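Per-entry structural report
Here is how the chains run, residue by residue.
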Amino acid sequence: MNDIIQTIAVYAIPVIFAITLHEAAHGYVARMFGDPTAYEAGRISLNPARHIDPVGTLLVPIAILLASKLLGSPGMLFGWAKPVPVDFGRLRRPKKDMLWVALAGPAANLLMAILWAFSLRLLLESGMQESFWFEMGMAGVNINLVLMALNLLPILPLDGGRILFSLLPNRLAWQYSKIEPYGLVIVIVLLVTDVLWLLMRPVLSLGTTIVQWFL
């Protein structure tokens, strides 16, 4: 039981910030490109409380962590925040600007991974020996890299799907958009068949290389 409590304590802050600031970044960039919907809803905020979904941000990640701990497996951390409202029709160039709005979430995760890595470096240089903070820093790096790689998969409604939609010619883009209702089912199938990790591996490797520059 003590191990489970410690695991939750280590992962709580990294998980909450990784998921909620990802959403806030979408709203911030949408406002930059002409859509104030998230701003009008009060969702452009670094306060995680504005973005937390009780089920997706708290219960689901905790359940996954507990299950992986009890089963002795690494598990696949998964969760979500309350989606930031974005009205793509209010963007100045809806299809083109969609790319930057979608990219903002994974970019926020990469930035947070770098900041966690930098905090690890400061801990090492200060000579601090407290393992709890090192574990939290490593959790922060790993969680953000996994969420970045997951969200960059070119599957709608993930951010990578929005990016691909933005880059495709109009006719192909609208055809591609028809898979969106089935996107989450596709992700779940890839997860249970262990294909998801293979698809995420190149982005995870790139993210790890970038983060190591700051260690």
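Residues numbered from 1 in each chain as written. Predicted model: local features only at pLDDT ≥ 70, side-chain atom pairs only at ≥ 80, totals over all residues. Heavy atoms only, no water.

Some words on the overall build of the protein
Within the protein, the regular secondary structure consists of 9 helices and 0 strands. Relative to the compact-globule value of 17 Å for 215 residues, the protein shows a C-alpha radius of gyration of 18 Å, a close match. Relative to its full complement of 215 residues, the protein shows a buried share of 43%. Of the contacts formed within the protein by residues at least 6 apart in sequence, a portion of 73% connects residues at least 24 apart. Looking at the protein as shown, the accessible area adds up to about 11,800 Å², and 69% of this sits on carbon and sulfur atoms. (Helix = DSSP H or I, 4+ residues; strand = E, 2+ residues; numbered from the N terminus. Rg over C-alpha atoms; globule rule 2.2 N^0.38 Å. Buried < 20%, exposed > 50% of the residue type's maximum accessible area, 1.4 Å probe, protein only. Contact = heavy atoms within 4.5 Å. Areas by Shrake-Rupley, 256 points an atom, 1.4 Å probe, with all protein chains shown as cover.)

So, the confidence of the model for the protein
Summarising the model, the protein shows a mean pLDDT of 87, and 92% of its residues fall at 70 or more. Confidence scores differ between elements of the protein, with helix 3 (residues 54-71) showing the lowest mean pLDDT of 75 and helix 6 (residues 159-167) the highest of 96. (pLDDT = per-residue confidence, 0-100.)

Thoughts on the UniProt feature "transmembrane region" (unreviewed entry) in the protein
In this numbering, the UniProt entry assigns the feature "transmembrane region" (unreviewed entry) to residues 58-78, 99-118, 138-158 and 179-200. Segment residues 99-118 splits into 100% helix and 0% strand. End C-alpha atoms: 28 Å apart. Helix makes up 67% of residues 138-158 and strand makes up 0%, while its end C-alpha atoms are separated by 25 Å. (UniProt positions renumbered as here; feature names shortened; annotations may be inferred.)

Here we look at the environment of T57
Mapped onto the elements of the fold, T57 is located in helix 3. Spatially, the C-alpha atom of T57 lies 9.5 Å from that of F17, the residues being 40 residues apart in sequence. Ignoring anything within four residues of it in the chain, the contact list for T57 reads V15, I16, I19, T20, H51, I52, W80 and A81.

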